[in-house]
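Structural features, examined
What follows is each chain in one-letter form.
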Amino acid sequence: MIWIFDSIILIFLVVTAIISLQVKDLLSASMIFGVYSFLMCLLWAGMAAVDVAFTEAAVGAGVSAVFLIATVFRTSRRSSD
Amino acid sequence: MELFEAISTKINYWVYIVIMMIGLFAMISKNNLIKKLIGMSIFQTAIILFYVSIGVKEGATIPILYHDQVHAAHGDHGEADTSHGEHGAVESHEADIHINPDDFTNPLVHVLMLTAIVVGVSTLGVGLAITQKLHREFGSIEEHEILEIIKSGK
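Notes on the structure follow. Remember, it's a predicted structure, so these values are computed and weren't measured experimentally. (Residues numbered from 1 in each chain as written. Chains lettered and ligands numbered in written order. Predicted model: local features only at pLDDT ≥ 70, side-chain atom pairs only at ≥ 80, totals over all residues. Heavy atoms only, no water.)

Here we look at the overall build of chain B
Going by this rule: Under the scheme used here, helices are H or I runs from DSSP no shorter than 4 residues and strands are E runs no shorter than 2 residues, and both carry numbers assigned from the N terminus. Each residue's exposure class comes from its accessible area (1.4 Å probe, protein chains only) as a fraction of the maximum for that residue type: buried when under 20%, exposed when over 50%, partly exposed otherwise.
Across its full length, chain B holds 7 helices and 0 strands. Along chain B, helices and strands appear, N-terminal first, in the series α-α-α-α-α-α-α. Taken over 154 residues, chain B has a buried fraction of 33%.

Some remarks on the overall build of chain A
Inclusion rule: To be clear on the numbers: accessible area is Shrake-Rupley with a 1.4 Å probe, and residue cover counts the displayed protein chains and nothing else.
Each helix and strand counted, chain A has 3 helices and 0 strands in total. Going residue by residue from the N terminus, the α and β elements of chain A occur as α-α-α. Across the 81 residues in chain A, those meeting the buried criterion constitute 51%. Carbon and sulfur atoms make up 79% of the accessible area of chain A, which amounts to about 3700 Å² in all.

Brief notes about the interface of chain A and chain B
Worth spelling out the cut-off: Note on definitions: a residue-residue contact is assigned when non-hydrogen atoms from the two residues lie within 4.5 Å. What counts as buried area is the accessible surface, traced by a 1.4 Å probe, that two parts surrender upon association, with contributions from both included. We count a salt bridge whenever a side-chain nitrogen from Lys or Arg sits within 4 Å of a carboxyl oxygen from Asp or Glu. Any pair of N or O atoms that falls within 3.5 Å is considered a polar contact. Within protein, one atom must be able to donate a hydrogen and the other to accept it, and sequence-neighbouring residues count only if both atoms are side-chain atoms.
In this complex, chain A contributes 40 residues to the contact, which on the side of chain B involves 41 residues. The contact between chain A and chain B buries some 3600 Å² in all, and 75% of this surface belongs to carbon and sulfur atoms. Where chain A meets chain B, there are 0 salt bridges. In this structure, the connection of chain A to chain B is made through 9 residue pairs in polar contact (both at pLDDT 80 or more). Those elements that provide at least two residues to the side of chain A that touches chain B are helix H1 (2–22), helix H2 (26–46) and helix H3 (50–74) of chain A. Per element, the largest residue contribution to the side of chain A that touches chain B is 14 residues, and it comes from H3(A).

What about the packing of H1(A) against H2(A)?
Residue and element names in this part refer to chain A. Here is the rule: Orientation is described by axes fitted as lines to C-alpha atoms, over the contacting stretch for helices, and by angles from 0 to 180 degrees between their N-to-C directions. Orientation is classified from the angle alone, with under 35 degrees giving roughly parallel, over 145 giving roughly antiparallel, 65 to 115 giving roughly perpendicular, and any other angle giving oblique. Left-handed describes a crossing in which the near helix is turned anticlockwise from the far one by less than a right angle; the clockwise case is right-handed. Any residue that is not Ala, Val, Leu, Ile, Met, Phe, Trp, Tyr, Cys, Pro, Asp, Glu, Lys or Arg is counted as polar, Gly included; the first ten are nonpolar and the last four charged.
Put simply, H1 and H2 touch, their axes get as near as 9 Å, and they point 160° apart. Relative to H2, H1 is oriented roughly antiparallel. Every pair of crossing elements has a handedness; the one defined by H1 and H2 is left-handed. Contacts from Asp6, Ile9, Leu10, Phe12, Leu13, Thr16, Ala17, Ile19 and Ser20 in H1 reach Ala29, Ile32, Phe33, Val35, Tyr36, Leu39, Met40, Leu42 and Leu43 in H2. Of the residues contributing to the contact of H1 with H2, the split by class is 15 nonpolar, 2 polar and 1 charged.

Quick look at the packing of H2(A) against helix H3 (residues 33–54) of chain B
A pair of packed helices is captured by two measures, namely the crossing angle of their axes and the spacing between those axes. Between H2(A) and H3(B), the shortest axis-to-axis distance is 11 Å and the interhelical angle comes to 5°. One way to sum up the angle between H2(A) and H3(B) is to call them roughly parallel. Between H2(A) and H3(B), the residues in contact are Leu26(A), Ala29(A), Phe33(A), Tyr36(A), Met40(A), Leu43(A) and Trp44(A) and Ile34(B), Lys35(B), Ile38(B), Ser41(B), Ile42(B), Thr45(B), Ala46(B), Ile48(B), Leu49(B) and Val52(B), respectively. Here the residues of the contact of H2(A) with H3(B) are counted per class, giving 14 nonpolar, 2 polar and 1 charged.

A look at the packing of aromatic side chains
Our working rule: Think of it this way: a Phe, Tyr or Trp ring, Trp meaning its six-membered ring, pairs with another when their centres are within 6.5 Å, and the plane angle makes it stacked under 30 degrees, edge-to-face over 60, tilted otherwise.
Taken as a whole and assessed by the stated rule, the structure comprises 4 aromatic pairs over all chains. Relative to Tyr36(A), the ring of Phe33(A) lies with its centre 5.9 Å away and its plane at 20°, an arrangement referred to as stacked. You can see Phe33(A) and its partner Tyr36(A) sitting in helix H2, 3 residues apart, about one turn around the helix. No difference in accessibility class separates Phe33(A) from Tyr36(A), as the two residues are buried. Through successive ring pairs, a cluster of aromatic residues spans Tyr13(B), Tyr16(B), Phe50(B) and Tyr51(B).

Observations concerning H2(A)
Our working rule: To estimate how far a helix should reach, multiply one less than its number of residues by 1.5 Å.
Helix length check: H2(A), at 21 residues, gives a terminal C-alpha distance of 30 Å against a target of 30 Å (1.5 Å per residue), a fit within 8%. Residue Ala48(A) follows H2(A) closely and has a positive phi angle near 65°.

As for a nonpolar patch on the surface
Residues and elements named next belong to chain A. For the record, the criterion: Patch rule: a residue counts if its relative accessible area is over 30% and it has no salt bridge; like charges are joined within 9 Å, and nonpolar side chains (Val, Leu, Ile, Met, Phe, Trp, Tyr) within 5 Å.
A surface patch of nonpolar side chains, amounting to about 620 Å² of accessible area, comprises Ile2, Trp3, Ile4, Phe5, Ile8 and Phe12. Examined against the element boundaries, isoleucine 4 turns out to sit in helix H1. Since its relative accessible area comes to 38%, isoleucine 4 is described here as partly exposed.

Some points on the environment of Glu58(B)
Residues and elements named next belong to chain B. Inspection of the secondary structure assignment puts glutamate 58 in the loop between H3 and helix H4 (67–73). Given the relative accessible area of 81%, glutamate 58 is considered exposed. For the pair glutamate 58 and aspartate 103, spaced 45 residues apart in sequence, the C-alpha to C-alpha distance is 8.8 Å.

Description of the pattern of salt bridges
All names here are of chain A. By the definition in use, this model includes 2 salt bridges over all chains. In this structure, the salt-bridge partner of arginine 77 is aspartate 25, at a minimum N-O distance of 3.0 Å. One end of the pair, arginine 77, is in the segment after H3; the other, aspartate 25, is in the loop between H1 and H2, and 52 residues separate them in sequence. On the basis of relative accessibility, which here comes to 42%, the residue arginine 77 falls in the partly exposed class. For aspartate 25, a relative accessible area of 16% gives the class buried.

Keep in mind that these numbers describe shape and distance, not what the molecule does.
If you want it as structure tokens, here you go:
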């Protein structure tokens, strides 16, 4: 029954990717991108790639989101598209 | 039914194509520089998803040996034994412990993709640093506004 788990995560992955690119507020976009990275990490843990999964959890969901949020606070928060 | 079979058994590859095209679309059509960089990250993660999907085997576990397997393989005849695995299985003389490569996922793609994740974060960091520099210079992170300022001769 692992494929049901995988399919649900894959659907949420596409949804979060689209939302993070459509939302006008850049802080929300950064947070939803963190959610996307964490879902990708869960998917890789399910595919038995544990080393890739915890690297993605630390580096993708952690450091990337922090970099994006820091840049948003140092520049402007509104986006035109 | 055949179509459902073709989609459900290779669903990772279908979703990989969809996510990669979402990222490519964002890189080309979005005006905001941070949105472009988020699109670039999504593109990179989609490619990593493709490569990790290649290494998956049905019914295989994570590529880590148990303690007793390691202990048997590194026994007195450990180094000599590993060269005799004709049927893809490594046998030990002392105990009949079999290490079948079909039981483990392929760790080669995992190692390659670890490097790709680190490279992806580095490119994202450099891109965000350039974005901050542009905002200090032009007061905007929208591509069309920056092009307008450059064209008007500042």
